[in-house]
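Fold and geometry: a report
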Amino acid sequence: ASYRFTDTGATTPGWPVCTGLGIHASPAVDPGAGGAGRDDVVVAAGSVSGRNAGSGRIEQLGPAGNVVWSRSLPDAFGSYGQAPILSASPAIGDTGAGQRRIVIGTVGNSAYSLDPATGATSPGWPIQTADSTFSTAAIANIDGSQAIIAGSDSYSTGPGSSDTWTGGSTRLVTANGTVGWTDPSNEVVTSSPAVGNLDGSGPVAVYGHGRYWSDYQPVSDADGLTAVDAATGKVLWERHLGGYSEPSPALADLTGNGQLDVVEPTLTTLGQRTGAVVYAFGPTGNTLWGPVTLPEPPGSTGNPNVITGGVATADFGSGSQDVVVASGLGFDILDGRSGAVLATEGVGLNDAGGSWAGDPHPANLAMSNTPLIVPDPSGAGLD
């Protein structure tokens, strides 16, 4: 189900909306379709287990929870059928010539660009991917032109295979589906790219990788954080973090010098089930701080050091960006300049007999999403 809440935490009238499918992706909002200053919500759905397992769908929901349009995204290049699962989150933005589009890949061999008003497929799409897509695309201005930077898995054999290597692919795609550059890697790319002009010399795409092939054989990119020239795909630098770089990076001015730095957490230590840490790097890949190990959050009953989501940043009053990390059973706020842990909070769902009054067993719920930071409606700060 999809939920929508007011600024007081109350459920918005007309919500929740039942999709009939499991949801593993974060929703996106479309500011151009809701009317009267309100946004629509775009939801990608599908799961390998549970209700209607193996089927996927994308829906645009109006402010009142009404279905504006709903459709599946057939795999045009592989063997995943008419309704493959959608595990990547939708990206919405101007892909060129003022055309707002929804861009999303499937757990198949196809990626789509859609008209958010109708859900119709854009000319030149779908395009072929080398394997399934779990990474959310970035839409950005690359040297004066809008373009899409997208990551996916890559498999050199099997139905729909298009690459000559096994691992992952990151590539630039234009609004009409033309592929520019491709950066190959020997591990999947489930990390979502972040694009920004780090030091004023031009746009850079930064991304981690993932965890799949490294469970079968040693691969060098499993713990890699890669920065490429967004216009050409040339690798500018890569750092190896000692842990799986599946979480998505964030770009922020951590030092207050007007340049964008890179924050990247790791999923776990290589070959382990725990041991996540957080790093920060300057525009040229120089280490600012890290590795930072997160403390045990209040009310937790297990090791918190697994980070499956990305990080968010905000200025909490220091004059520069601080870092918020959701992991394990709570969340932490790190000082952007030093990486020092400023605050550690449990989510209150894991205290025996606490938030789940009458239940003596902790819920053991782990956070697996990137935190969302918004202004407090009372004007008291940030939530």
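Just above sits the structure.
Owing to the predicted nature of the structure, the values given are computational and were not obtained by experimental measurement.

**Some details on the sheet that holds strand β15 (residues 224-229)**
- Sheet architecture is open: four strands sit in the order β13-β14-β15-β16, paired in antiparallel fashion. Edge positions in the sheet fall to β13 (194-196) and β16 (235-240), since each has one partner strand and no second. Averaged over all pairs of adjacent strands, the angle between strand axes in this sheet comes to 15°, irrespective of strand direction.
- Two elements, β15 and β16, share five bridges in a ladder whose sense is antiparallel. Counterpart to G224 in the pairing with β16 is H240.

**Things to note about the nonpolar core**
- One finds L254, V278, W289, V323, V325 and L334 to be the most contacted residues of the largest nonpolar core, which totals 15 residues.
- Listed by contribution, the elements that provide at least two residues to this core are β17 (250-252), β19 (277-281), β20 (287-293) and β22 (322-327).
- Each residue touching W289, except ones within four places of it in the same chain, is listed here: L254, V278, Y279, A280, V323, L334, D335, G336, R337, S338 and G339.
- By size, the runner-up hydrophobic cluster in this structure holds 13 residues, among which are A194, L241, Y279 and F281.

**Here we look at the pairing of β19**
- With five of its five residues buried, β19 lies for the most part within the structure.
- Alternating positions in β19 separate into two faces, V277, Y279 and F281 on one and V278 and A280 on the other, with burial throughout.
- For β19 and β20, the ladder comprises four bridges, and the chain directions are antiparallel. The partner of V278 across the bridge, within β20, is V292.
- If you look at the hairpin formed by β19 and β20, you'll find five residues sitting between the two strands, and G285 has a positive phi there, around 90°.

**Structural notes on the sheet that holds strand β5 (residues 91-94)**
- Strand order in the open sheet formed by four strands is β5-β6-β7-β8, and the pairing between neighbours is antiparallel. Each having just a single partner strand, β5 and β8 (127-128) make up the two edges of the open sheet.
- Looking at chain direction, β5 and strand β6 (residues 100-105) are connected through four bridges and run antiparallel. When the sheet's bridge partners are listed, D94 is paired in β6 with R100.

**Brief notes about the side chain of T133**
- Here T133 is to be found in the loop between β8 and β9 (138-142).
- Overall, T133 belongs to the buried group, its relative accessible area being 5%.

**A word on the packing of aromatic side chains**
- Under the counting rule described, the total for this entry stands at six aromatic pairs.
- Ring centres 5.5 Å apart and planes at 55° place the aromatic pair Y212 and Y216 in the tilted group.
- According to the relative accessible area criterion, Y212 is partly exposed, its value standing at 39%.
- On the accessibility criterion, Y216 (61% relative accessible area) is exposed.
- Ring plane angle 45° and centroid distance 6.2 Å describe the contact between W237 and F281, whose orientation is recorded as tilted. Of this pair, W237 sits in strand β16 while F281 sits in strand β19, placing them 44 residues apart in sequence.
- The exposure class assigned to W237 is buried, which follows from its relative accessible area of 6%.
- Aromatic ring contacts, followed pair by pair, group Y155, Y212, W213 and Y216 into a single cluster.

Definitions and limits used
- Residues numbered from 1 in each chain as written.
- Predicted model: local features only at pLDDT ≥ 70, side-chain atom pairs only at ≥ 80, totals over all residues.
- Heavy atoms only, no water.
- Pairing = 2+ DSSP bridges.
- Helix = DSSP H or I, 4+ residues; strand = E, 2+ residues; numbered from the N terminus.
- Axes fitted to C-alpha atoms, helices over the stretch in contact; angles between N-to-C directions.
- Core = buried A, V, L, I, M, F, W, Y, C linked by side-chain atoms within 4.5 Å.
- Buried < 20%, exposed > 50% of the residue type's maximum accessible area, 1.4 Å probe, protein only.
- Contact = heavy atoms within 4.5 Å.
- Phe/Tyr/Trp six-rings, centres within 6.5 Å; stacked < 30°, edge-to-face > 60°.

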